[in-house]
Amino acid sequence: MSKILVLGGAGYIGSHTVYELMDEGFEVVIADNLETGHRCAVHPDAKLYVGDIRDRAFLDGIFKIEKIDAVVHFAAYSLVGESMTDPLKYYANNVGGTQVLLSSMVANRVPKVVFSSSAATYGEPERIPILESDPTEPTNTYGGTKLAMEQMFKWTSLAHGIKYTSLRYFNACGAHPSGHIGEDHNPETHLIPIVLQAANGTRADIKVFGTDYKTKDGTCVRDYVHVCDLAQAHVKALRYLLAGGENDVFNLGNGVGFSVNEVIKAAEEVVGHEIPTVISSRRAGDPAVLVASSDKAKTVLGWEPHYESIYTILETAWKWHRAHPNGFDEDR
C-alpha cells in the first residue's frame, strides 16, 4: 500500500481528495496549518500533522517518520482579489512554500508529486476551449504564482529526477454526496457557495461583478467541475505517476461554460425561490471566459467527470449548505 502525503488535506479540494484516496486503499498522511483548512474536514482514518510547508524541519520530520511514496500538493493561498492587493504574501507562501517542499523532497528522496495548479495560469485565453499547449499569460498574481510553481517542478525534475503532474482545473464546486464535507472558506469568494449562502439567508445577496463582458449575457463564463471529479483526477494522476508516467500537465473541466447569471438562475430552480442579486463593478484580473478542453486527461489518465449537470452540482452543494449554514462548526 502506497503512503501519500496530502499537503492542504484539511482544505476544500484536499479533504475531498483524501476521502477518495482512502476509498481507493491508499494510506494517507495530511499536513495542514489549518489557516484556511478545517480539522472537521479531515478524514477520521488519516493522520494529521499540523504545521506549515514553509517550515523545512516540519516537512523533514514527516518524511523521516512516515516514509512517504508521493505527495499531493494543495497548500497555497488562492484568493484572486487578495493576490492583487498583497502579491508578496502569495509569492512568499505559494512559491516560497513550494521551494521548501521540493528541497525537502530532494533531500529525503521522495520521488513523485501531484500538483494542484489552476486555469488561472492561462490568463485571458486566445481560444475556447483552452488546451494545455496554449500560452500561459496570467492576469492575476495567484495565477502567476501557480505558473511559477509549475516551472519550479519542471526545473527541479530536470536536476533531481522528481516526477510530477500539474492539474490545471477550472471552477471547483459542489460537495461530497454524503454531506459530511463541503465548501467553507472565510472569506468566501467562490460563486456557487456565495449564491447558496444568499439562498439560505446567511448572506444578504449575491454581487454580480460586471455585466459588460463580451459573453452571451455580459457576465463572466466559467467551467464548473465538481470537487469529487477533481478528487478522482488527483487519484488517477497519482496512479499514473506511481506506474512510471512522465511529467505532464492536464486540464480538468467539464468543457461547458456557464455564465454567472445562468448559475444564479439554475440555483433558484434548485432551491425553489428567487435569490437576491446586486450588480457591481468588475474585479481586477477576471478573464471573460474560461472553459477547458479535458481531452488529454481523459485520454492519458482515463479521467471522466461524473457530475456534468450544473443542477446536479448545485444539488450536492445545496445539501451541504442546508445542513451546515454556518460552515464547519469549529475553531480553526
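Keep in mind that this is a model prediction, so the values were computed, not measured.

(A) Fine view of the overall build of the protein. In terms of regular secondary structure, the protein is built from ten helices and 13 strands. For 332 residues, the compact-globule estimate of 2.2 N^0.38 gives 20 Å, and the protein sits close to it at 19 Å. With the C-alpha coordinates aligned to their principal axes, the bounding extent of the protein is approximately 55 × 40 × 40 Å. A total of 332 residues make up the protein; the buried ones form 58% of that total. Relative to all contacts within the protein whose residues are 6 or more apart in sequence, the contacts with residues 24 or more apart total 78%.

(B) Layout of the environment of serine 178. Mapped onto the elements of the fold, serine 178 is located in the loop between strand E7 (171–173) and helix H6 (191–200). Given the relative accessible area of 29%, serine 178 is considered partly exposed. Placed 138 residues apart in sequence, serine 178 and threonine 316 show a C-alpha to C-alpha distance of 8.8 Å. A distance of 2.7 Å separates a polar atom in the side chain of serine 178 from a polar atom in the side chain of histidine 176. Within polar-contact distance, the side chain of serine 178 engages the backbone nitrogen of histidine 180 at 3.1 Å.

(C) Main features of the sheet that holds strand E4 (residues 70–73). Strand order in the open sheet formed by seven strands is E3-E2-E1-E4-E5-E6-E10, with parallel pairing between adjacent strands. Each end of this open sheet is capped by a strand with a single partner; those strands are strand E3 (47–50) and strand E10 (248–252). Across the sheet, the axes of successive neighbouring strands diverge by a mean angle of 20 degrees, strand direction being ignored. Summarising the sheet, strand E1 (residues 3–7) and strand E2 (residues 27–32) pair through five bridges and their orientation is parallel. Residue pairing across strands places leucine 7 opposite alanine 31, the latter belonging to E2. In the packing of helix H4 (residues 87–107) onto the sheet, the strands contacted are E1, E4 and strand E5 (112–118), and the crossing angle to E4 comes to about 175 degrees.

(D) Layout of the packing of aromatic side chains. Tallied over the full model, the rule gives five aromatic pairs. For the pair phenylalanine 115 and phenylalanine 153, a centre-to-centre distance of 5.0 Å together with 50 degrees between the ring planes defines the contact as tilted. You can see phenylalanine 115 sitting in strand E5 and its partner phenylalanine 153 sitting in helix H5 (residues 141–160), a full 38 residues away along the chain. With a relative accessible area of 0%, phenylalanine 115 lands in the buried category.

(E) Seen up close, the environment of cysteine 173. Assignment of secondary structure puts cysteine 173 in strand E7. With relative accessibility at 1%, the residue cysteine 173 sits in the buried group. As for cysteine 173 and histidine 190, which are separated by 17 residues in sequence, their C-alpha atoms are 8.3 Å apart. If near-sequence neighbours (up to four positions away) are discounted, cysteine 173 is found in contact with Tyr12, Glu183, Ile192, Tyr224, Val225, His226, Val227 and Ile313.

(F) Highlighting the packing of H4 against H5. One can describe the packing of H4 onto H5 by two numbers: an axis separation of 9 Å at closest approach and a directional angle of 20 degrees. In terms of orientation, H4 lies roughly parallel with respect to H5. Every pair of crossing elements has a handedness; the one defined by H4 and H5 is right-handed. Taking contact as the criterion, the partners of Pro87, Tyr90, Tyr91, Asn94, Val95, Thr98, Gln99, Leu102 and Val106 in H4 are, on H5, Thr141, Tyr142, Gly144, Thr145, Ala148, Met149, Met152, Phe153, Thr156 and His160.

(G) Local environment of unusual backbone geometry. A cis geometry characterises the amide bond from isoleucine 128 onward to proline 129, with omega recorded as 0 degrees. Inspection of the secondary structure puts proline 129 in the loop between E5 and H5. The phi dihedral of lysine 67 is positive, around 55 degrees, even though this residue is not glycine. Inspection of the secondary structure puts lysine 67 in the loop between helix H2 (56–66) and E4. We classify lysine 67 as exposed; its relative accessible area is 60%. With phi around 55 degrees, arginine 109 is a residue other than glycine that occupies positive phi space. Looking at the element boundaries, arginine 109 is found in the loop between H4 and E5. By relative accessible area, which is 75% here, arginine 109 ends up exposed.

(H) View of the pattern of salt bridges. Enumeration over the complete set of coordinates arrives at 14 salt bridges. The residue aspartate 134 makes a salt bridge to arginine 127 at a minimum N-O spacing of 2.7 Å. A relative accessible area of 41% places arginine 127 in the partly exposed class. Three or more residues joined by partner-sharing salt bridges are found here, namely Lys3, Glu27, Lys47 and Glu66.

Calculation rules
Residues numbered from 1 in each chain as written. Predicted model: local features only at pLDDT ≥ 70, side-chain atom pairs only at ≥ 80, totals over all residues. Heavy atoms only, no water. Helix = DSSP H or I, 4+ residues; strand = E, 2+ residues; numbered from the N terminus. Rg over C-alpha atoms; globule rule 2.2 N^0.38 Å. Buried < 20%, exposed > 50% of the residue type's maximum accessible area, 1.4 Å probe, protein only. Contact = heavy atoms within 4.5 Å. Polar contact = N/O pair within 3.5 Å; in protein donor to acceptor, adjacent residues only side chain to side chain. Pairing = 2+ DSSP bridges. Axes fitted to C-alpha atoms, helices over the stretch in contact; angles between N-to-C directions. Phe/Tyr/Trp six-rings, centres within 6.5 Å; stacked < 30°, edge-to-face > 60°. Parallel < 35°, antiparallel > 145°, perpendicular 65-115°, else oblique. Left-handed = near helix turned anticlockwise from the far one by under 90°. Salt bridge = Lys/Arg side-chain N within 4 Å of Asp/Glu carboxyl O.

The values reported here are purely geometric and, on their own, carry no functional implication.
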